[in-house]
Amino acid sequence: MRFSDAALLLGAALAIPLATAIPIQDSPRQRLLDGHGLPAKYRKSKAAPAPAPPYTPGYRDPYDSAVDATGKHLNPLPYRNGLGASVLGPWNKARAREDPDLVRPPSTDHGNMPNLRWSFVDSHIRIEEGGWTRQTTMRELPASIELAGVNMRLDKDVIRELHWHKEAEWGYVLAGEVRVTALDYEGGNFIDDLGQGDLWYFPSGMPHSLQGLGENGTEFLLIFDDGNFSEESTFLLTDWLAHTPKSVISENFDLPPEIFAHIPQSEKYIFKGSQPGSIAEERPHGKYVKKSKSQFTHRMLEQEPRITTGGKVRVTDSRNFPISKTVAAAHLDINPGAIREMHWHPNADEWSFFIRGRARVTVFAAEGTARTFDYQAGDVGVVPRNMGHFIENIGDEPLEVLELFRADEFRDFSLFQWLGETPQRMVVDTLFQNDKADGERFLKEIKNAQKDEIRAGKSEEETDL
Ligand SMILES: *[C@@H]1O[C@H](CO)[C@@H](O)[C@H](O)[C@H]1NC(C)=O
Ligand SMILES: *[C@@H]1O[C@H](CO)[C@@H](O)[C@H](O)[C@H]1NC(C)=O
């Protein structure tokens, strides 16, 4: 019997409203779970009794497998392995569906751990002429201590005005095209056009501007190397001039003050500009103008990816993008059913931005403390440095994530690799002292362990006992 048939029968038997209990579609992951609600590899017999649907009193899963509540349009309820009860009070179903592992945490979650999830849709949006911007900082997500993020949209020809700030800025183009301009510390000017998957980095205090190009302009993610950053407190050209005596502006530019009678009286921030020409046409041509010798942009998605068994990894940090001294990044493509393996980062907190797909992450904080969060496109996650974690693709589409760090280099430790590089006796004594047979199987698996950042899900055939 297929899972959905079983669910129908059981749903009817238990008089559960079908819309809440029936998955809309079958996915490879759900087929894996088909059976006792356990991964197929642990099933003893194919003739096992039909499982109860997730989030019903009869559902049993001592192995805490993920359930893609959003993808399957399920309504998570707090039932777990015979415990729990229905909900009588008010209940935000949409939020519960986004966070199934908060509604029914894995039985391994324990202790007090601060919130490590935020969605950009919960951020205030500042709407301007031809664009908008919203931020996720320490004020939205208190764990966002080391980095802050801004999601900004500039329509065709729309300008994020000439400005600077004390934080360094790292930017990743999510869609469309954008022109960036800047002046470097040596007085060299920089100008480049970027598309999806390209990025830029402007060190602290460097003046710069952005403009949407092409038919629909652009949307991008900005990262600042201070979680307390505020996009409201950047230094803007218009704001400065609006608050400088006209006599001084006149003196500074050696022109009569009337020239400046009509300059903006307050900041412009984001506004519609005129259509820019090509870079060659727009490049400043003055006698003393010089081109920057530095490279402030990088084509991240054009990098040759590291191919792992379950997806692709691209790392961009000061080793291949030398200017990026304070932000290191990894771009991950995690296949359906695959997992960003159990690991930790020794040198910085992780700030993740989910571009596509749905994920489950459990963060382990020592002292018996662990908490699980779910993420989807547009969400932000934080994992404090050294805390063990994984990123599991729980949906049926590829999961695309950016991992960002306030660091010059990307660094991680793989649990799998560590155990493979540890004396086998030590590993068996620690994990399998009273279970030598399973210890042997485990040793065989880790014997030739290599770092495999994204591990493929095992197929049923490979793993049947
Ligand atoms: C611009 O947006 C419109 C409307 O969403 C879309 O049909 C069109 O394909 C887009 N153009 C480009 C170049 O992406
Ligand atoms: C964050 O910035 C605000 C405003 O500048 C300041 O009052 C506050 O002390 C800062 N907090 C931290 C933790 O740096």
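Residues numbered from 1 in each chain as written. Chains lettered and ligands numbered in written order. Predicted model: local features only at pLDDT ≥ 70, side-chain atom pairs only at ≥ 80, totals over all residues. Heavy atoms only, no water.

Some thoughts on the packing of helix 10 (residues 424-431) against helix 11 (residues 436-446)
At step 1: Where helix 10 meets helix 11, the axes come as close as 10 Å, and the angle between the chain directions of the two elements is 135 degrees. One element, helix 10, and the other, helix 11, form an angle in the oblique class. You can see that helix 10 and helix 11 cross each other, and the crossing is right-handed. Between helix 10, through Gln424, Val427, Val428, Asp429 and Leu431, and helix 11, the contact on the second element is made entirely by Lys436, Gly439, Phe442, Leu443 and Ile446. (Axes fitted to C-alpha atoms, helices over the stretch in contact; angles between N-to-C directions. Helix = DSSP H or I, 4+ residues; strand = E, 2+ residues; numbered from the N terminus. Parallel < 35°, antiparallel > 145°, perpendicular 65-115°, else oblique. Left-handed = near helix turned anticlockwise from the far one by under 90°. Contact = heavy atoms within 4.5 Å.)

Here's the deal with the UniProt feature "active site" (unreviewed entry) in the protein
At step 1: The sites that UniProt annotates as "active site" (unreviewed entry) are Glu403.
At step 2: Position of Glu403 relative to the elements: it lies in strand 24 (residues 399-405).
At step 3: Each residue touching Glu403, except ones within four places of it in the same chain, is listed here: Ala328, Ala329, Ala330, Leu332, Arg340, His343, His345, Glu350, Trp351, Ser352, Ile391 and Phe410. (UniProt positions renumbered as here; feature names shortened; annotations may be inferred.)

Remarks on a nonpolar patch on the surface
At step 1: There is a patch of nonpolar side chains on the surface, built from Phe253, Leu255 and Ile259 and spanning about 280 Å² of accessible area.
At step 2: As for its position among the elements, Ile259 is in the loop between helix 7 (246-253) and strand 13 (270-272). (Patch = residues over 30% accessible without salt bridge, like charges linked within 9 Å, V, L, I, M, F, W, Y side chains within 5 Å. Areas by Shrake-Rupley, 256 points an atom, 1.4 Å probe, with all protein chains shown as cover. Salt bridge = Lys/Arg side-chain N within 4 Å of Asp/Glu carboxyl O.)

Remarks on the sheet that holds strand 19 (residues 350-356)
At step 1: Taken together, seven strands build an open sheet; the order of strands is 3-22-19-24-17-16-15 and the sheet is antiparallel. Both outer strands of the open sheet, strand 3 (117-119) and strand 15 (306-308), are each paired with one neighbouring strand and no more. Going across the sheet, the axis of each strand differs from the next one's by a mean of 20 degrees, ignoring polarity.
At step 2: Two strands pair when backbone bridges link them, and strand 3 and strand 22 (residues 379-383) are joined in this way by three bridges, in the antiparallel orientation. Within strand 22, the residue paired with Trp118 across the bridge is Val380. (Pairing = 2+ DSSP bridges.)

Some remarks on the pattern of salt bridges
At step 1: Under the defined criterion, the tally for this structure stands at 35 salt bridges.
At step 2: One salt bridge connects Asp226 with Lys166, and the closest N-O pair in it is separated by 3.6 Å. Taken together, the positions of Asp226 in the loop between strand 11 (208-224) and strand 12 (235-236) and Lys166 in the loop between strand 7 (158-164) and strand 8 (169-183) put the pair 60 residues apart, joining distant regions of the chain.
At step 3: Judged by its relative accessible area of 22%, Asp226 falls in the partly exposed class.
At step 4: Looking at Lys166, the relative accessible area reads 56%, which means it is exposed.
At step 5: Among the charged side chains, a network of salt bridges with common partners joins Asp68, Arg358, Asp396 and Glu397. (Buried < 20%, exposed > 50% of the residue type's maximum accessible area, 1.4 Å probe, protein only.)

Side note on the UniProt feature "binding site: Mn(2+) 1" (unreviewed entry) in the protein
At step 1: The residues that UniProt annotates with the feature "binding site: Mn(2+) 1" (unreviewed entry) are His163, His165, Glu169 and His208. These annotated residues cover 46 residues of sequence, and their C-alpha atoms all fall within 11.6 Å of one another, placing them together at a single site.
At step 2: Turning to its location among the elements, His163 is positioned in strand 7.
At step 3: In contact with His163, not counting residues within four places along its chain, are Glu169, Met206, Pro207, His208, Thr234, Phe235 and Leu236.
At step 4: Within the structure, the side chain of His163 is placed 2.7 Å from the backbone oxygen of Glu161, a separation counted as a polar contact.
At step 5: Locating His208 in the fold gives a position in strand 11.
At step 6: If we skip the residues at most four places from it in the chain, His208 touches Glu161, Leu162, His163, Trp164, His165, Glu169, Thr181, Ala182 and Phe202. (Polar contact = N/O pair within 3.5 Å; in protein donor to acceptor, adjacent residues only side chain to side chain.)

Here we look at the environment of Pro114
At step 1: Tracing the backbone through its elements, the reader meets Pro114 in the loop between helix 5 (100-103) and strand 3.
At step 2: Separated by 29 residues in the primary sequence, Pro114 and Ala143 place their C-alpha atoms 7.5 Å from one another.
At step 3: Ignoring anything within four residues of it in the chain, the contact list for Pro114 reads Arg371 and Phe373.

Topic: the confidence of the model for the protein
At step 1: With 88% of its residues at a pLDDT of 70 or more, the protein has an overall mean of 90.
At step 2: Below pLDDT 50 for its whole length, residues 1-36 participates in 69 contacts with residues either more than four positions away or in separate chains.
At step 3: Confidence drops under a pLDDT of 50 for residues 460-465, and excluding neighbours within four residues, the segment shows 11 contacts in the predicted structure. (pLDDT = per-residue confidence, 0-100.)

Comments concerning helix 11
At step 1: Buried within helix 11 are the following residues: Gly439, Leu443 and Ile446. Buried residues in helix 11, looked at end-on, bunch into an arc of 70 degrees, giving them a common side. Of the exposed residues in helix 11, the ones pointing more than 90 degrees away from its buried face are Ala437, Glu440, Arg441 and Lys444.
At step 2: Looking at the buried positions of helix 11, the neighbouring elements they touch are helix 9 (415-420) and helix 10. (Arc of directions from axis to C-beta.)

Overview of the side chain of Thr238
At step 1: On the secondary structure map, Thr238 appears in helix 6 (residues 237-242).
At step 2: Judged by its relative accessible area of 11%, Thr238 falls in the buried class.
At step 3: The residues contacting Thr238, other than those within four sequence positions of it, are Glu161, Pro264, Ser266, Glu267 and Lys268.

Examining the packing of aromatic side chains
At step 1: One pass over the full model with this rule turns up 15 aromatic pairs.
At step 2: Between Phe202 and Phe296, the ring centres sit 6.2 Å apart and the planes meet at 50 degrees, which makes this aromatic pair tilted. One end of the pair, Phe202, is in strand 10 (residues 198-202); the other, Phe296, is in the loop between helix 8 (279-282) and strand 14 (297-299), and 94 residues separate them in sequence. One exposure class covers both Phe202 and Phe296, and it is buried.
At step 3: Note on Trp344 and Trp418: the rings are 5.9 Å apart at their centroids and 80 degrees apart in plane angle, and the pair reads as edge-to-face. Of this pair, Trp344 sits in strand 18 (residues 339-344) while Trp418 sits in helix 9, and the two are 74 residues apart along the sequence.
At step 4: In this structure an aromatic cluster arises from ring pairing among Trp164, Phe235 and Trp240.
At step 5: Directly above the ring of Tyr269 sits Arg126, whose terminal nitrogen or CZ lies 3.8 Å from the centroid.
At step 6: Positioned above the aromatic ring of Phe416 is the side chain of Arg455, whose terminal nitrogen or guanidinium carbon lies 3.8 Å from the ring centre. (Phe/Tyr/Trp six-rings, centres within 6.5 Å; stacked < 30°, edge-to-face > 60°. Lys NZ or Arg CZ within 6 Å of the ring centre and 35° of its normal.)

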